[in-house]
Structure formats: structure tokens, C-alpha cells
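Overview (structure and organization)
This is what each chain is made of:
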Amino acid sequence: MSGSGRAYRQPALDDLLNPKSVVIVGLSPRPGSTGRRILGNLRRAGFGGAVHGVHPGGRDVDGVAVYRTLADVPDTPSVALVCTPSDTVPALVEEAGEKGCRGVVVYASGFEETAGGSARAARLRELAGRYGMSLVGPNCLGLFNPGRALWLTGTDFGADLPAGPVAVVSQSGSGCILLAGSGRLGFSYVVSSGNETVTGLADYLDYLVQDPSTRAVGLVVEGIGDPGGVMAAVRKGHDNGVAVVALKVGRTELGARNVASHTGAIAGDARTYEAFCRRAGILAVDDFDELTEALVGLSTLRTAPAGDRVAFVGLSGGEIGLVADIAVDGGVRLAELSPGTREELARILPGFATIANPLDGTGQLVGEPDRFGRLAAAVADDPGVDLLTVVLDAPPSLGDRLATSYTRLLAALPGVRQRSGTPVMVLSNYGGGLHPFTADALAGSDIPVVHGTRAGMAAINAVTAAATYRARVADEVEPVEPRTASLQAVRRALDASPSRQVSGEVLEELAGEYGLPLPRRAAAGSAAEAVAAAESIGFPVVLKTASPKVVHKSDVGGVAVGLSTPSQVRDAYETVASSVARHLGEPAPLVVVEEMVTGGVEAFVGCGLDPVFGQVLGLGAGGTLVELQPDPALALPPVSPDEVDRMIAGTPLARLFAGYRGAPPSDAGAFADLVLRVARLAADLREAAVEIDLNPVAVLPRGQGVRVLDLRIVQPPETR
């Protein structure tokens, strides 16, 4: 518990981010040294606390007393800034802990990101735990807060950076430099978190979303070490009206390798990261432009939209056409204008104008600010509009006459915003900024101006997503208590299997318990038994290898379909058994004979394991090409019925289920129910660390249900 009464994951972080005094360990008189630069930044910012120095030489620097050891410092500094090489850091951190420092900043590299640095990193974690300290870094630039004259960094971020409501945590130091130098944001805190060896993203977020001076947090993320902690902090932020926007780097295989070499972070699968962001309420963006504009929008608006219905108003048909294209591409929900609004617009606009959303007010209104204000007000007053976005460009080198006209147009918007109560944003299709006269027209208002069509659209999406997040949370399913009997049965089956696969007998028991409809089937260990099983089930049948060592049956010739006679079954048995035996190098006589399900759509549903985020539920079109799908739908369990419906809608299954190319509509409801059952099975088996795969699933015509044609539960090697 801090002095403010707020509870933090790391209580010492409050002292680190708000120190009463600091000690610069490694402060030398050498020009350009890290310690000397930090001292210069503290002096220029006017830091009001005490500043001490430590250096074996004991020579005072610029009027600051320098002591030979930390123990010699006469009082107890809140924070120790360790500006020495990595091999000296652990001992100095221990001295800081003995001295009673609450926080440490370590700037040096040479820890997790290097071959020999892991032991040093482990030592830092042990020391921080022993002394109850927070630690920024290592391998970082430090942190700063312009509003509190706090510059615990040796980096020159430029003069007169404004204070404001945006906090930044970047695992990349250059991310801090870029955002600070954008000229678009005012900052509460900027933290270069580096390797996050001790104090991690979840700790910073937990602090910042409770900070009264912060309205939006921007993240530059290379890896997430504590997904549960991050999710809890982000959700706390939504409760406090603080949104979190994240740019993830290392989403491709090449990018992930670069991330690993930079900070030692594990990137995790990019699509799983996106699913995590959706669940947590993190607003994900794709580049620094989008991150910047999203932070501008979220930090400037003082009232969130009531929903996600957006109306666009502009004065250029061509640019409105572009906005329409990008809005549709970006998934922006366009408001439907009411009949009353359309009638009012018809009275305002010239007769040739087309009334639609996005709305082209035509170039006639450029010189008529009053008329333009009436137009904007008519749209803002529509009860079906949650956010009004005015599309207006005024590039920095625009001529004075047009700049004056645009300034007058924008000057009408604060009144529209105040009278209607509807939040207003301005979108400039040009990403290079606004004419200064034009920008001044909105000074002091809560109307953000976002730059660039795609980046600005990302900002609009971020604003509406943040506004509607609480409604999405209400739709979530609470985790359930696992059925221990299922978990124990699977663990026994895994222990009994050399390949760590669950046997067919246990799979059938689980299918019955969880309502996973399998075709009628029977096991066989010879050609004669296979024929007898087929005759009992009824032709046609499918014959599959039952070897527990085979993962993908079709890859080893382990499947035969469409068997309609005893002789076909006998021949298929010999072919399958010999093919599998040839691939395994040992006999494989066991097969399963099952009824052949014909017709319907082939789908898959399963639950995999991500090294960072844990269980991941996935679904999409199934069959042998499942791994080639570019975009299966992913979600972190548990999932609600509405979320499953959204997942299906985002895949080709939606079109296939509707009756593609004359096929009858499929039983989409039965498939959605199956997905929920698989999610429950996954929840019960979470502690077993297994992957669950139902592929293919035959989704039969409407009213006929589904059949699980292949079910597999296996423990992957990395979790054994």
C-alpha cells in the first residue's frame, strides 16, 4: 500500500517512480559518461530531491558530493541509478539493498540477452526479492516524468517535452525516443523497461492505470512474461477509465528472432497474442503511427463514446470515398443515419449531394462555416451516432486563404461537441501534420486531431473499442471448477503411452462424457476382425490405423475410406497395416473401423498450447489442409456462445455453413455447441498440458448435427 492509499503489485515501484532522493552509482567527471548525463538531465529539469554520487575515486562532480561506496552516503536514497558494467551490477545492487534503497535502475546490457548473462539476471531477481526492491532494466534507457522534473535517464530526449496524460512503457529503448520525439503527446511517465528482469510489464501497468495523471498507456512490447498479471492490470485500467494500446514487435519468425537476441524475450505466436489482446482489452496496433494516433485520440477525449457507431463528415467526395474504403477495411462500425437526420441534412446540403455515411458535404461548404456547423450538428445530434469524425485536411504549407477557411470550419466544432454531447474527432487524410493556424482552432478543446487515413482509422477503432470493452466483458464466461476424474484418466493414459497420446478407449469415454458425437466404431487387430466390425456397423465404412505412435494418419497411409464390401475392408486392412508398419519400422496391426459419414462441411476445432499464453482454442475449415489456413479463428478459453459465433463468422466456415455453391445449409448451431464442449474439456485438462484436436469434424445439413471423425489428445514434447 502506497502513501496514496492505492495498492500496487510492487509497492516499492511507487518510491522508484516518485523518489525523494537518488544516488548515481558510477558518477564520474568524465564528459559523456552515463552518470554525468543523468546528472545533467536532473539539473536541467529542476529535480527537487537530493542527489548523491558514488565512485571509487570519491571526486565530487559539478557540486554533487561523490562517496567511495554506497554505505558512505549519509542518508538513504530512494533510488540507486547503477551506471556501471554488467559484471559489477549484482554487487552494487546488493549494496543498494543493504542501504535501504527502494528502487534500482540498471542501464547496462549483458544479462538475459547474452549467453553468459542469465546467472547475473537470476542474481538480480534474488536480491530484489530479498530486499523488497523494484528494478528498472537492465538493458534500458531509464525513465522520466516531465511533470515532476524526474529524469532518471542519460538520454537526450529533447528540450521542453510537455507533461500530459500519456504513459509509455517500452521494452525497446528506441520506442521511447520515437514517441517522445513525435511532438504529438504529453507524458505522465515514460519507462524504458529493457529486459524486465525484476519489475515487469504487469507491474508498470498496475501502477500506471491507477495514476490520476494518466488517461492512456502506450506499450511497445517484445514479449509478455506474465499474461495473467498484464490482463488483470489492463482490466483495472478499463475500470479506471485508462485504456492500454500496444504495438507488438517480433510478430514474424524473423522479427521474433531479432527480439530474442535483443532482450531474450519469448515472442509467442502472433495470432495468439492478438487473441490475448482481445480477451484482456488491450487495443492492438500495427506500427508507431497507429500507436501515436491512438494515444492522441484516447488521451484528448475527456468523454468516451457511448458505443461504437461512427459517422464521418467531410467536404471532398474523393477523400470521403477513401475514408469509406479504409473504414470498411478496418472494421469500423458505420452509424445508420435516422430519417429525421436525413431530412435535416437535405435542408442543409445542395440538391446534388448524396446523403450517406460517410457524408460528403461538398466543396460548397468550405467557405460557409455556419452552414458547415449546422451540418456537423445535425449528424452529432442523431441518436444513432456515438462518435462524429470530421474529415478535414490542412497541410502545414497550405496557403493562407484556405488555411483561414479551414480554421473557421474547425472553430465550429467545439460548439457542436458541447451542445450535442457527442464526442468529436478530426481525421486528416494527410499524415504530415496540420497547418498551425488550423491546429490552434481546437486548442483547449477535447477534440483530437488524428493524422493519416489508416493510422487515424486505427485511432478511431481504439477509441470505440475502449468505450465498448465493458459490455464485452459482461459476455464472458467465468472459469469452472475442473472435473478431476477426467484429468486423472488422461494423466493415466499419457503415462501408459510411450508417445504420450491418449488411447482410443479413453478418448471414447471422454467423447461420451462431454457429448462429442463420434461415428459408430469398433477396434480390430486383424483383417477378419476388421471385416466383422464393418458388417456389424454397416457399409460403407472407414478404416484407420489405431497406432498410438501416429499423429497424422493420412501422412503414413493410415486411412482408407469408402469401403463398401468385405473384400475391400480386408484389402484396406492389409494396405493400412503394412504402410504404417513401414513408416514406424515395427508391426502396427491395430485399426479402428467406423461408419463412413458422407456430406456436410469439414471443419476443425481444437485447443493448442502457446509457450507464453497457455491454452488457445482454435477453429476453422478442416481436413488435410487445416495447417495451410492463413487465419483460423483463435481465442483464449473459456469462451461464451457469442464469442464462438464471432469466431465462426471470421472464418470461411460462415460462408460454407450458409450453403456454398448450392449445398444445403449446415448445422452451424451444432458445431458452435461442439466448440463450447471442447472448451469445457480443455478447461478440465488444463493441468495435463495437452493438445486437443478434432479434425475433421463433419458438419451435416441443418438439423442433422455433427460427427467427430477424428479425435486426438496428445502431450507435446516441450511440456513433458
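Everything numeric in this text was worked out from a predicted model, so none of it was measured. (Residues numbered from 1 in each chain as written. Predicted model: local features only at pLDDT ≥ 70, side-chain atom pairs only at ≥ 80, totals over all residues. Heavy atoms only, no water.)

**Structural notes on the overall build of the protein**
Within the protein, the secondary structure is distributed over 24 helices and 28 strands. Along the first, second and third principal axes, the C-alpha atoms of the protein reach 95 × 80 × 40 Å. For the protein, long-range pairs separated by at least 24 residues make up 71% of all intrachain contacts whose partners lie at least 6 apart in sequence. Counting every atom, the protein has about 29400 Å² of accessible surface; 52% of that belongs to carbon and sulfur. If you average the places of the 62 positive and of the 79 negative side-chain charges in the protein, the two averages end up 3 Å apart. (Helix = DSSP H or I, 4+ residues; strand = E, 2+ residues; numbered from the N terminus. Contact = heavy atoms within 4.5 Å. Areas by Shrake-Rupley, 256 points an atom, 1.4 Å probe, with all protein chains shown as cover. Lys, Arg positive; Asp, Glu negative; His and termini not counted. Charge placed at Lys NZ, Arg CZ, Asp CG, Glu CD.)

**Here we look at the pattern of salt bridges**
Within this structure, the stated rule accounts for 31 salt bridges. For the salt bridge of arginine 9 with aspartate 203, the shortest nitrogen-to-oxygen distance reads 2.9 Å. Linking arginine 9 in the segment before α1 (12-17) with aspartate 203 in helix α6 (residues 201-208), this pair joins segments that are 194 residues apart in sequence. Residue classification places arginine 9 among the partly exposed positions, given a relative accessible area of 42%. Judged by relative accessible area, aspartate 203 falls into the buried class, the value being 8%. Ionic pairing is found between aspartate 495 and arginine 500, a salt bridge with its closest N-O pair at 3.1 Å. Linked through salt bridges whose partners overlap, the residues forming this network are Glu94, Arg123, Glu126 and Arg130. (Salt bridge = Lys/Arg side-chain N within 4 Å of Asp/Glu carboxyl O. Buried < 20%, exposed > 50% of the residue type's maximum accessible area, 1.4 Å probe, protein only.)

**Observations concerning the packing of aromatic side chains**
One pass over the full model with this rule turns up six aromatic pairs. Where phenylalanine 657 meets phenylalanine 671, the ring centres are 5.6 Å apart and the plane angle is 70°; that geometry is what we call edge-to-face. Here phenylalanine 657 is found in helix α23 (residues 653-657), whereas its partner phenylalanine 671 is found in helix α24 (residues 668-684), with 14 residues between them in sequence. Take phenylalanine 657 and phenylalanine 671: they sit in the same class, and that class is buried. One aromatic cluster in this structure is built from Tyr8, Tyr189 and Tyr207. A cation over a ring is seen here: lysine 248 above tyrosine 273, with NZ or CZ 5.8 Å from the ring centre. (Phe/Tyr/Trp six-rings, centres within 6.5 Å; stacked < 30°, edge-to-face > 60°. Lys NZ or Arg CZ within 6 Å of the ring centre and 35° of its normal.)

**A closer look at the sheet that holds strand β17 (residues 424-428)**
Think of a sheet as strands paired side by side through backbone hydrogen bonds, with each pair either parallel or antiparallel. Taken in spatial order, the five strands of this open sheet run β15-β14-β16-β17-β18, and their pairing is parallel. Of all the strands in the sheet, the pair left with one neighbour each is β15 (359-360) and β18 (449-451). In this sheet, β18 lies alongside β17 in parallel orientation, the contact comprising three bridges. Bridge pairing links serine 428 to histidine 451 in β18. The strands touched by helix α10 (residues 288-300) within the sheet are β17 and β18, with β18 carrying the most contacts at an inclination of about 175°. (Pairing = 2+ DSSP bridges. Axes fitted to C-alpha atoms, helices over the stretch in contact; angles between N-to-C directions.)

**Some remarks on the confidence of the model for the protein**
Per-chain confidence: the protein averages 92 in pLDDT, with 95% of residues scoring 70 or above. Taken together, the stretch residues 254-267 has pLDDT below 50 and engages in 36 contacts with residues farther than four places along the chain or on a different chain. (pLDDT = per-residue confidence, 0-100.)

**Describing the environment of phenylalanine 437**
As for its placement among the helices and strands, phenylalanine 437 is situated in helix α16 (residues 436-440). For phenylalanine 437, a relative accessible area of 46% corresponds to the partly exposed category. Linking phenylalanine 437 and alanine 663, residues 226 residues apart in sequence, is a C-alpha distance of 61 Å. Excluding residues within four positions of it along the chain, phenylalanine 437 makes contact with Asp400 and Thr407.

**Things to note about the side chain of threonine 272**
Within the secondary structure, threonine 272 is located in helix α9 (residues 270-280). Residue classification places threonine 272 among the buried residues on the basis of a relative accessible area of 5%. If sequence neighbours within four positions are ignored, threonine 272 has contacts with Asp610, Phe613, Val616, Leu634 and Leu636.

**Examining the pairing of strand β12 (residues 243-248)**
With six of six residues buried, β12 lies mostly within the body of the structure. Taking every second residue as pointing to the same face, both faces of β12 are buried, with Ala243, Val245 and Leu247 on one and Val244, Ala246 and Lys248 on the other. Taken together, the six bridges between strand β11 (residues 216-221) and β12 define a ladder with parallel strand orientation. By the bridge assignment, valine 217 is partnered in β12 with valine 244. A crossover links β11 with its parallel partner β12, the connecting element being helix α7 (residues 227-239), and its sense is right-handed. As paired elements, β12 and strand β13 (residues 283-285) share three bridges and run parallel to each other. Directly across from leucine 247, in β13, lies its bridge partner valine 285. (Right-handed = clockwise from strand over helix to strand, strands pointing away.)

**As for the side chain of glutamate 594**
Relative to the helices and strands, glutamate 594 resides in strand β22 (residues 591-595). Using a relative accessible area of 2% as the deciding quantity, one classes glutamate 594 as buried. Apart from the residues lying within four places of it in its own chain, the contact partners of glutamate 594 are Pro519, Arg520, Arg521, Ile537, Val541, Val542, Lys544 and Leu709.

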